[in-house]
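Listed below are the residues making up each chain.
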Amino acid sequence: MISDSSKIILDIKDLVATVGTTQIINGLNLSVKEGEIHAIMGKNGSGKSTLAKIIAGHPAYTVNSGDILFEGESVLEIPAEERAQQGIFLGFQYPIEIPGVSNADFLRLSYNARRKFQKLPELEPLEFFEFINKKLEVVGMESSFLNRNVNEGFSGGEKKRNEILQMAVLDTKIAILDETDSGLDIDALKTVASGINKLATAANGIVLITHYQRLLDYISPDYVHVMRNGEIIKTGDSSLAKELELKGYDWID
């Protein structure tokens, strides 16, 4: 439950950003508090995925003005790896394959990097195996997935479930999930949505980037934002997503 005293995890202030000479984000503002789920919707080319990558620290984008605060501190000068260690998670629209690296090794190394950053003891392989088996239940994955190379030969649904598994393992403070529903059949969508709901707590925040209402049939956002031309032009509650499904985006001034 959200309270008025909830802390702001992510605070984006008047953000202006470019890729090359093209300005894509135009004075965008967004605040996400502990316990909140935000959905960002909009047409293709509105800047949604660009915003996600900028928050995560993708080096291809330049922030020209404004700021991104994570737990009250600017992250603009912090590289992507350290942002992830601090607790910023980006779930990709198209998760990449990593041949030759098993899921088990990838997840353990990622988890221990975050533990090390938090000055906590790292887990040995056997300890991690016990830990990860509990997390597999969140996304309904069999332990055999751990022996497969990261996303190699995975179906679209398996890749997205693997992203949510990473989110569960890393225990992130803010998760930006870019088009998590893309390419999923209804059963995979329900499984992924169930995992996200289980991981949403009073201590973290989630930002869902999506085109469609269908994901929001299973995850109820506290706020729905509409992006156009690199800025948020309208904000409402979950009913706004249903209105967009019926009317499209052109009616918004």
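An unreviewed UniProt entry annotates the chain as Iron-sulfur cluster formation ABC transporter originating from Rhodomonas salina.

Here the focus is the pattern of salt bridges. Scanning the entire structure with this criterion turns up seven salt bridges. Residues Lys 13 and Asp 11 are paired through a salt bridge, measuring 3.9 Å at the closest nitrogen-oxygen approach. Under the relative-accessibility criterion, Lys 13 is labelled partly exposed at 40%. One salt bridge connects Lys 173 with Glu 71, and the closest N-O pair in it is separated by 3.8 Å. Note that Lys 173 is positioned in the loop between α5 (156–170) and β9 (174–178) and Glu 71 in the loop between β4 (62–70) and β5 (73–74), a separation of 102 residues in sequence.

Turning next to the packing of aromatic side chains. For the coordinates displayed, the defined rule picks out four aromatic pairs. Here the aromatic rings of Phe 128 and Phe 131 are separated by 5.8 Å at their centres, their planes lie at 45°, and the arrangement is tilted. With Phe 128 and Phe 131 both in helix α4 (residues 125–139), this residue pair falls three residues apart, about one helical turn. Using a relative accessible area of 3% as the deciding quantity, one classes Phe 128 as buried.

The next point concerns the sheet that holds strand β11 (residues 223–228). Pairing in this open sheet of six strands is mixed, and the strands run β6-β9-β10-β3-β11-β12 from one edge to the other. Sheet topology places β6 (88–91) and β12 (231–236) at the edges, where each strand pairs with a single neighbour. Recorded for the sheet is a direction-independent mean angle of 20° between the axes of neighbouring strands. As paired strands, strand β3 (residues 37–41) and strand β10 (residues 205–209) are joined by four bridges and run parallel to one another. Bridge pairing in β10 links Ile 37 to Ile 206. Its contacts with the sheet place helix α1 (residues 48–56) against β3, β6, β9, β10 and β11, and it is angled at close to 145° to β6.

What follows covers the environment of Ala 202. Of note, Ala 202 is situated in the loop between α6 (186–199) and β10. As for Ala 202 and Asp 178, which are separated by 24 residues in sequence, their C-alpha atoms are 22 Å apart. Every residue in contact with Ala 202, bar those within four places of it in the chain, is listed here: Glu 34 and Gly 35.

Here we take up the side chain of Lys 48. By the secondary structure assignment, Lys 48 is in helix α1. Buried and without a salt bridge, Lys 48 has Glu 179 as its closest oppositely charged side chain, separated by 4.4 Å. Within the structure, Lys 48 has its side chain in polar contact with the backbone oxygen of Lys 43 (distance 3.1 Å). Beyond its immediate sequence surroundings of up to four residues, Lys 48 is in contact with Ile 40, Met 41, Gly 42, Lys 43, Glu 179, Ile 209, Thr 210, His 211 and Met 227.

Turning our attention to the layout of surface pockets. A water-sized probe rolled over the atoms picks out the places where empty space is left. By volume, the largest pocket is sized at about 680 Å³. For the largest pocket, the lining is made up of 26 residues, of which Ala 84, Leu 90, Phe 92, Phe 106 and Gln 166 are closest to its centre. Listing elements by their share of the lining of the largest pocket, those giving two or more residues are α2 (80–86), β6, α3 (103–117) and α5. A per-class count over the lining of the largest pocket returns 16 nonpolar, six polar and four charged.

Mapped onto this numbering, the UniProt entry gives "domain: ABC transporter" (unreviewed entry) at residues 10–252. Note that residues 10–252 is 35% helix and 29% strand, and that its end C-alpha atoms are spaced 26 Å apart.

Negative phi is the rule for most residues except glycine; trans is the rule for most peptide bonds. Phi angles above zero are rare outside glycine, and Asn 151 is one such case at about 65°. Within the secondary structure, Asn 151 is located in the loop between β8 (149–150) and α5. Given a relative accessible area of 2%, Asn 151 falls into the buried group.

Turning our attention to the packing of α4 against α6. Viewed as axis vectors pointing N to C, α4 and α6 meet at an angle of 125°, and their least axial separation amounts to 7 Å. Here α4 is positioned oblique relative to α6, judged by the angle of their axes. Residues Glu 137, Val 138 and Val 139 of α4 touch α6, and the partners they reach there are Thr 191, Gly 195, Lys 198 and Leu 199. Looking at the contact of α4 with α6, its residues break down into three nonpolar, two polar and two charged.

Cut-offs applied
- Residues numbered from 1 in each chain as written.
- Predicted model: local features only at pLDDT ≥ 70, side-chain atom pairs only at ≥ 80, totals over all residues.
- Heavy atoms only, no water.
- Salt bridge = Lys/Arg side-chain N within 4 Å of Asp/Glu carboxyl O.
- Buried < 20%, exposed > 50% of the residue type's maximum accessible area, 1.4 Å probe, protein only.
- Helix = DSSP H or I, 4+ residues; strand = E, 2+ residues; numbered from the N terminus.
- Phe/Tyr/Trp six-rings, centres within 6.5 Å; stacked < 30°, edge-to-face > 60°.
- Pairing = 2+ DSSP bridges.
- Axes fitted to C-alpha atoms, helices over the stretch in contact; angles between N-to-C directions.
- Contact = heavy atoms within 4.5 Å.
- Lys, Arg positive; Asp, Glu negative; His and termini not counted.
- Polar contact = N/O pair within 3.5 Å; in protein donor to acceptor, adjacent residues only side chain to side chain.
- 1 Å grid on protein atoms, 1.4 Å probe; cavity = no way out; pocket = protein on both sides within 12 Å on 5 of 7 lines; lining within 4 Å.
- Points joined across faces, edges and corners; volume = space filled by probe spheres on them.
- Nonpolar A, V, L, I, M, F, W, Y, C, P; charged D, E, K, R; others polar.
- UniProt positions renumbered as here; feature names shortened; annotations may be inferred.
- Parallel < 35°, antiparallel > 145°, perpendicular 65-115°, else oblique.

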